Amino acid sequence: MSRYLHPEVETLPRSRLEALQLELLRKQVERLYHQSAFYRERWAGIPREIRGLEDLARFPLITKADLRQEQQTHPPLGRYTLVPPEGWQEYHPSSGTTGFPVGTVWSRKDAENIAEVTARTLFGFGLRPGDVLLNGFSYGLWVAGMAVHYAAAKLGIFILPVGAGQTERHLELMARFRPKALTATPSFGLYLAEALRARGMDSPLAIGAFGGEAGTENPATRRRLEEALGIRAYDYYGLAEMGPTFAAECEAQAGLHFAEDHYLVEVVDPETKEPLPEGKMGVLVLTHLTREATPLVRYYTGDLAVLTKEPCSCGRTHLRALGGILGRADDLVVYRGAKFYPTQVEQVVRAFPELSSEYRIEVVEEGGVARQVTVVAELAQQREDAEGLAKALQGRLKEALGVTPEVRLEAPGTLERTAFKAKRVVRYVRA
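As the structure is a prediction and not an experimental result, all values here were calculated from the model. (Residues numbered from 1 in each chain as written. Predicted model: local features only at pLDDT ≥ 70, side-chain atom pairs only at ≥ 80, totals over all residues. Heavy atoms only, no water.)

Some thoughts on the domain arrangement of the protein
How big an interface is tends to be stated in terms of the accessible area lost upon association of its parts.
So, step 1. When cut into domains, the protein gives domain 1 (1-328) and domain 2 (333-429).
So, step 2. In this structure, domain 1 and domain 2 have C-alpha centres spaced 29 Å apart.
So, step 3. Contacts between domain 1 and domain 2 engage 25 residues on the former and 20 residues on the latter.
So, step 4. At the boundary of domain 1 with domain 2, total buried surface from both sides reaches about 1800 Å², with 46% on carbon and sulfur atoms.
So, step 5. Among the residues domain 1 hides against domain 2, the three largest losses belong to Ser187, Asn218 and Arg224. Together they make up 27% of the total.
So, step 6. Between the two partners, domain 1 and domain 2, sit zero salt bridges.
So, step 7. Linking domain 1 with domain 2 are eleven residue pairs in polar contact (both at pLDDT 80 or more).
So, step 8. Among the secondary structure elements, those contributing two or more residues to the side of domain 1 that touches domain 2 are α8 (186-198) and α9 (219-229).
So, step 9. Residues that form the side of domain 1 that touches domain 2 fall into these classes: ten nonpolar, nine polar and six charged. (Domains from an automatic or database assignment. Contact = heavy atoms within 4.5 Å. Buried area = accessible area lost by both parts, 1.4 Å probe. Salt bridge = Lys/Arg side-chain N within 4 Å of Asp/Glu carboxyl O. Polar contact = N/O pair within 3.5 Å; in protein donor to acceptor, adjacent residues only side chain to side chain. Helix = DSSP H or I, 4+ residues; strand = E, 2+ residues; numbered from the N terminus. Nonpolar A, V, L, I, M, F, W, Y, C, P; charged D, E, K, R; others polar.)

See below:
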């Protein structure tokens, strides 16, 4: 049985793949210049002729703040929304919890493309017609649950459309229908594992695909997910403005494959915003090659990644983000001359079997400078040697981060669990 849903696309030689990208990029740029005042204004004075993919670097980056301002000034969806309302199929806002929500519209063709790309990823995880999928991604306005639902239906998979949260319902349906696969955030996957253990239930799952936050490719997190749920845990990536589920691991579990026939992927230096070569960590910048309704060119995601075009053992040729999403550029903690991201703390905390999977990083700032950093972790069960465990954790953190944070261990079950994106860095401003 083939490991590819569409081998003619997924294994396309890179020279042909990049030629396809160049053709699509040229068409998209011309379309946007002629039809969108938003892009004409941003690209004023920039030569539109694109001889190679590297010419895209001439064009300015677009941020979420740019989109928010555009939609506020030109409601409801800004001047980069090109399909007229009669061609709209669905509306999905960004999942941010602050500020004016940035809205995205899918045309009917966009929805078809999203379902097709997502179906590829589900097939790559090992799902086949007749399998049962427990969909723990959010439904409704939030985007990933819908994409996975459409793709699963396209493949003939039986869907349990629970959505995020509703832990008891997840457990009930796991016992009743014995699903093969789960889609959810890694935080919720770990919480479900806790709930299963607490009730003495076994996991029927064989596959878990986890997105919405970084961490699945973190070795300690992957190990916890796989051991606790009895699965192979795969990383998943997407974002509302670009597409919900367009990058995913294959069976090799060796990085996120991007759907490069629909998206052009770059990384840039977070400070200079200049493009970085393959193998260097930077912020992902994404361009829609086929999006009709709300196309974006050079969207600055804020997500950190390292890209490679090296062939994958699975045979797919689309580039990969090694180690998945490595964090958020704005989650960087600078403390006493050291710089680190929450995923580095996660790797240390989750390597301790005496601790639960939950953690927080409390940062006290004064004058824009971090004066105190405390890693808050949670005991898996009450123990008498908590003080010694805290010292051991602090020592491992010092080795990993190059700086010594404070450590506080909380009682089991103290830290909040979430089915959504876990907030790992909590900042306090001292007057």
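Focus: the layout of surface pockets
So, step 1. Within this model, the second largest pocket holds a volume of roughly 420 Å³.
So, step 2. Lining of the second largest pocket is provided by 20 residues; of these, Leu53, Val265, Glu266, Leu276 and Lys309 occupy positions nearest its centre.
So, step 3. When contributions to the lining of the second largest pocket are tallied by element, the ones reaching two or more residues are α2 (14-35), β10 (263-268) and β12 (299-308).
So, step 4. Across the lining of the second largest pocket, the residue classes break down as eleven nonpolar, two polar and seven charged. (1 Å grid on protein atoms, 1.4 Å probe; cavity = no way out; pocket = protein on both sides within 12 Å on 5 of 7 lines; lining within 4 Å. Points joined across faces, edges and corners; volume = space filled by probe spheres on them.)

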